[in-house]
Amino acid sequence: MAWDPIFWLIFFVMNIILIALTIYQIVCLSDLEADYLNPYDSSSRINSVVVPEMVVQGVLCALFLLTGNFYMFLLTLPNACYNARLFMKQQHLIDVTEVFRSLDAEKKYRLIKLAFYLVLFVVVLISSLICFIQPINSIE
Amino acid sequence: MGTEDPNRAYIPSRPAPSPFAATQGIRPNILNRPIVGPDASAFRPTPPPPQQNTTPFSSSGPAESGSAIKPNMHPASHPITPFSSSGPVSGTETPEFRPSYSARSITPSTNAVPPQSGPPASGPFQRFPSPQFPSTIQAPPPQASPAGQQFFPPQTRPQISTAPTGPPPTINSMPSGANIPNSSVDSSIFAPRPNLQPSFSQMGPSNFVRGTMQSAYQAYPGKQPPVVTQPPPVKSAAFVPHQENYRASPPAGPTPYLSSQGGFGAPPVATSTGPFSREQMRPTGSGPPMGPVQGLIEDFSSLTLGSVPGSFDSGLDPKTLPRPLDGDVKPKSFAEMYPMNSDSRYIRLTTSAIPNSQSLVSRWHLPLGAVVCPLAEAPVGEEVPVVNFASMGIIRCRRCRTYVNPYVTFTDSGRKWKCNICALLNDVPAEYYAPLDATGRRSDLDQRPELSKGSVEFVAPPEYMVRPPMPTLYFFLIDVSVSAVRSGMIQVVAETIKSCLDRLPGSSRTQIGFITYDSTIHFYNIKSSLTQPQMMVVSDLDDIFVPLPDDLLVNLSESRSVVEALVDSLPSMFQDNVNVESAFGPALKAAFMIMSQLGGKLLIFQNTLPSLGVGRLRLRGDDIRVYGTDKEHTIRIPEDPFYKQMAADFTKYQISANVYAFSDKYNDVASLGILAKYTGGQLYYYPSFQSAIHKEKLRHELARDLTRETAWEAVMRIRCGKGVRFTSYHGNFMLRSTDLLALPAVDCDKAYAMQLSLEDTLLTTQTVYFQVALLYTSSNGERRIRVHTMAAPVVAELGEMYRQADTGAIVSLLSRLAIEKSLSYKLEEARNSILLRLVKALREYRNLYAVQHRVGNRMIYPESLRFLPLYALTLCKSTPLRGGYGDVQLDERCAAGYTIMALPVNKLLKLLYPTLVRIDEHLVKALPKTDELKNICKALPLTAESLDAGGLYIFDDGFRFVIWFGKMLSPTIAMNLLGDDFTTDYSRVSLSERDNEMSRKLMRLLQKFRECDPSYYQSCHLVRQGEQPREGFFMLANLVEDQVGGMNGYVDWIQQIHRQIQQNA
């Protein structure tokens, strides 16, 4: 499969994007907590990346399916479903008026997500390494 | 701020495709008919005054979307006149488009306008060809008339009457000595309350027993509930033997008692009675000597103020239940303990004893926190002193920023001071230095209010300003659609505004502006150089813009005559308006654009459901099916995120929105109210407003809103000592950071509640200090900081926490929590949460004493919380939490919820347990010597039994009066008060002063009641006994101790609580 390395590279990049976006959100929330940011800026910054993050995650999930990586697909599916549900309920954005009340929960949610993405990152990294190394091995 | 400048944002962004498109929306118009007459011609054509270099407007405009349609419709309407774009707002951009305008501006308008002249005229040409009343015609919500279905008052009476009739079995059958002292204690306790006396006469056999015992106890008459002073030792000694006797037969107590109950077939429910006395009788310090004495006394004596067990059987006599007939009683002992604390009108803790450990907190099931009313009205002579440090700068702790206060200590012979909150040693500035005397007191203590008073106000130096102090600013956003016109609201509002112009705070700096709206938005140019206001109509709702950058918001003193002309003409201008639409959202945005430069107070008068443009709402309050489901709460929260976003933006720009909602139909108060909630505003709701009936109420409340002393662009923070932290805040404000409350406007009628938690598992300090600091701009443009400081002891015992509990603060926090809960859960769950907390708290309390004492079947509760069960009951029956779909209209429920979220403690308690007084005797009597309210009125328990058919009663909950006429009331009284109307339907009769002494007396009395609480106007509702459904709605449903519509009565409630306490004890 000549395409595989390319796909894995794409997965890898997307995963890094997800991690970056999540870290960005966590940083915004911590800044808010520490009073470096006001709630208006903080929530508008977070809200501006929430949907992109969901889209990237959704695309990643779909790509896993399309490229036949079913285990990876199953791994990311719950998250995608959860995102879709949040979006349908219009609860995906941070409510600027009540941001402090939900601060802890939002932070925890994002930390869990970050952990999940990191796990995914490791898996993707290993898979892509295997994918890259295999051809070399076979050549040898 | 610059970045969000609204005008900049969109004016330039509009490409001007066609000239027409640009201006279509705006017509300069003359205000009203009268004007049009003579001076119209002179006036209208008047091209822009010199400085407004006629920048018409076209370029600004082409609303992209609208351009296709609109030009056709109003080809004529570009008169957009002057456009002095000089305003800071449009600043640099304006010049670019100015030139294009000039040519076109005026002509068309002159043609077009004259015929219609008035604003109402706007109809003809500015409307779209499409039907005037688009699809959104609102069907009246199917909610039935208030009184109709909801209440079933008749039921209540019979049920109630049974309660007392059950003879007091306990007392008859009391074989053991144990109970006798109890009952005697009761009677001695209640003896001082004459209104309760009669109850004893019912008790037949027990009567004389009580009598004798009572006399035996006469030695302690002074120790009735309110008295906190310690009884002299002698008395206590005398008392002990009694108790000993009483305690001597304890084993006999409970058992026979129980069995006797069984005999009577009564449920084994016990409740409090003889409550309070014992602990008051207990000498505080007499613990040790009482060692040998068993039982209650011992325990109580070891606690300075402790539990008060009492016992009831099922035939519980409702008359002996504790009732807050004296209204809000603030805990006095605490204030005496810390005389330098801020007065309880400013800050109240739910318990003045702070628990020292997490485990103690977790056993205190009631809310732990404070209720703060930073600007509460102080009686004459007790005003908060103002301190000006001038160049010295305000003395604050370097580390924690605490303001200097009476609890700081000076050391190092006065050169250093130690912060009481963080214990840091700060240097005393040279200018502030004063030597210490021998006792360590500063020698200038008496001249420095900040070192002797808990509440002071500092004048803030320039470092406390991010911008120059704003002027006071009032902006009016008035709905002029047909329902507003018909209800007469516009007339009343205009009159009131006019009458208040002289009294607006802020003297010569006050700014004022107006927008009216129906399906279009009308701006008013009230520039001081004009003789008459000029109206501009914008009909492009999708892309709203402000036709004039200046002159929509003007200095009141300069433009006084124009403003008056506008206010005078407002009602007549719209009297023929038949527009049913309401473009509320776009109008709100327009107001925001105009106000965002300065901030200020936005007064919104909304009469119909917003139906056009952004923020349009739909009917959703009439769906009975949603009740009881998981989605129930959604109808109590705003549906459209637009309103929350708008509220957040308002707060950001220091705008406070006060919403006046009038409607006879569903108005979605849940959505409108959110504007007030997050901007430190207030919601006023006038269901089915009719100016004939509600005029006075609106006038009074609007006038108070306009003229009361207001603090502008405020922020509030509450600091507290190490180890304690405020975690959640409840009220009308928006949090700007974790502990900073942004309050665009604050006044004396708003209170904020907060909950605190311990950060560490153990508190090591002896005292915890709290400091509330409110930084604000006063109406005269001075930056001020109001600081309230309070100290509270840290305790290690739960009993002490209970002893120092403050029912008022607890109820206030509890109600806010419950209302917040009702916004995300079902009403049922919100009510259950109240009950659950109460039960847990009382069970915990019981467990404190259950081990050493034979509490048996009695319900015990602390003296300090004796009213809590009743308040919890009334809270469950209050408008925001009562019943379900049919019990309260949705709008009313939401409005009451928003109101309670901002209500100070004493007003909340009054609302929860209104006063009921009988006045016919007072009216008949000859002139009373003293007009003291207290002498005239003895508050009665809120049950139907208090109402005597031959009496005349006033029911006062702080928001309205209900005057109840008994069936057998002497006709002369009714005739005197009501004139010839006294036989007709009272819903059509209004109370007015008549020419006789009795009527004058009544009016004087009402006047006095109103003066007690001026924050709302209590309008009178007359009710005749037996006149249904009116009586049920106004009176019977509000007799909170009775069983109404499926909700428990007081006795049942107590029994229910007791049962639950015992279930899992």
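Named according to an unreviewed UniProt entry, chain B is Protein transport protein Sec24-like At3g07100 originating from Daucus carota subsp. sativus. UniProt lists a comment for chain B under the heading Sequence similarities (unreviewed entry), and it reads "Belongs to the SEC23/SEC24 family. SEC24 subfamily."

The name given to chain A in an unreviewed UniProt entry is Cornichon, with Daucus carota subsp. sativus as the source organism. Heading Sequence similarities (unreviewed entry) of the UniProt record for chain A holds this comment: "Belongs to the cornichon family." As its UniProt record puts it under Subcellular location (unreviewed entry), chain A is described as follows: "Membrane".

Enquirer: Could you give me a rundown of the side chain of T679(B), with the residues and numbers involved?
Expert: If you trace the backbone, T679(B) turns up in the loop between helix 26 (669-677) and strand 18 (683-687). Leaving out residues up to four positions away in the same chain, T679(B) has contacts with A647(B), F650(B), T651(B), I655(B), S656(B), A657(B), P744(B) and A745(B).

Enquirer: Residues and numbers for helix 39 (residues 1050-1063) of chain B, please.
Expert: Residues and elements named next belong to chain B. Helix length check: helix 39 (14 residues) gives 20 Å between terminal C-alpha atoms against 20 Å at 1.5 Å per residue, within 8%. Within helix 39, the full set of buried residues consists of Y1050, V1051, W1053, I1054, Q1055, Q1056, I1057, H1058 and I1061. In the core, the buried residues of helix 39 are packed alongside helix 30 (827-850) and helix 31 (868-876).

Enquirer: Got a sec to walk through the nonpolar core? Specific residues and values, please.
Expert: Residues and elements named next belong to chain B. Counting 265 residues, the largest nonpolar core has F514, L588 and L675 as the members making the most contacts within it. Per-element accounting of this core gives the leading share, ten residues, to helix 30. Residues within four places of F514 in sequence aside, it is in contact with F475, F476, I478, I497, H522, Y524, I526, L552, V563, L566 and V567. With 22 residues, the next largest nonpolar core counts V989, L991, L1002 and L1005 among its residues.

Enquirer: Describe in detail the UniProt feature "transmembrane region" (unreviewed entry) in chain A, supporting the description with residues and values.
Expert: Mapped onto this numbering, the UniProt entry annotates "transmembrane region" (unreviewed entry) at residues 7-27, 54-77 and 114-136 of chain A. The distance from the first to the last C-alpha atom of residues 7-27 of chain A is 30 Å, and the span holds 100% helix and 0% strand.

Enquirer: Got a sec to walk through the pattern of salt bridges? Specific residues and values, please.
Expert: Summed over all chains, the structure comprises 50 salt bridges over all chains. Between D95(A) and K644(B) there is a salt bridge, with its nearest N and O atoms 2.4 Å apart. Here D95(A) is found in the loop between helix 3 (70-88) and helix 4 (103-139), whereas its partner K644(B) is found in helix 25 (residues 641-652) on a different chain. Residue class for D95(A) comes out partly exposed when judged on its relative accessible area of 25%. Taking the relative accessible area as the measure of exposure, K644(B) reaches 21% and is therefore partly exposed.

Enquirer: Describe the interface of chain B and chain A, with residues and values.
Expert: Taken together, the contacts link 16 residues of chain B with twelve residues of chain A. Between chain B and chain A the total buried area reaches about 1,200 Å² when both faces are included, carbon and sulfur atoms providing 57% of it. Summed over the shared surface of chain B and chain A, the number is two salt bridges. Between R101(A) and E820(B) there is a salt bridge, and its shortest N-O distance comes to 3.1 Å. Run the count over chain B and chain A and you get six residue pairs in polar contact (both at pLDDT 80 or more). Listing elements by their share of the side of chain B that touches chain A, those giving two or more residues are helix 25, strand 20 (724-730) and strand 21 (734-737) of chain B.

Enquirer: Which residues make up the pairing of strand 19 (residues 710-720) of chain B, and what values do they have?
Expert: Residues and elements named next belong to chain B. Burial analysis of strand 19 places ten of its eleven residues in the buried class, which makes it a mostly covered element. Bridge count between strand 19 and strand 22 (residues 740-747): seven bridges; the pairing is antiparallel. Paired with R717 across the bridge in strand 22 is L740.

Enquirer: An account of the sheet that holds strand 27 (residues 915-918) of chain B is needed here, citing residue identities and associated values.
Expert: All names here are of chain B. If you trace the four strands from one edge of the open sheet to the other, you get 27-28-29-30, paired in mixed fashion. Two strands in the sheet have a free side with no partner beyond their single neighbour: strand 27 and strand 30 (1019-1024). Between one strand axis and the next, the sheet turns by 20° as a mean value, whatever way the strands run. Where strand 27 meets strand 28 (residues 952-956), four bridges bridge the pair, whose relative direction is antiparallel.

Calculation criteria
- Residues numbered from 1 in each chain as written.
- Chains lettered and ligands numbered in written order.
- Predicted model: local features only at pLDDT ≥ 70, side-chain atom pairs only at ≥ 80, totals over all residues.
- Heavy atoms only, no water.
- UniProt positions renumbered as here; feature names shortened; annotations may be inferred.
- Helix = DSSP H or I, 4+ residues; strand = E, 2+ residues; numbered from the N terminus.
- Contact = heavy atoms within 4.5 Å.
- Expected span 1.5 Å × (residues − 1).
- Buried < 20%, exposed > 50% of the residue type's maximum accessible area, 1.4 Å probe, protein only.
- Core = buried A, V, L, I, M, F, W, Y, C linked by side-chain atoms within 4.5 Å.
- Salt bridge = Lys/Arg side-chain N within 4 Å of Asp/Glu carboxyl O.
- Buried area = accessible area lost by both parts, 1.4 Å probe.
- Polar contact = N/O pair within 3.5 Å; in protein donor to acceptor, adjacent residues only side chain to side chain.
- Pairing = 2+ DSSP bridges.
- Axes fitted to C-alpha atoms, helices over the stretch in contact; angles between N-to-C directions.

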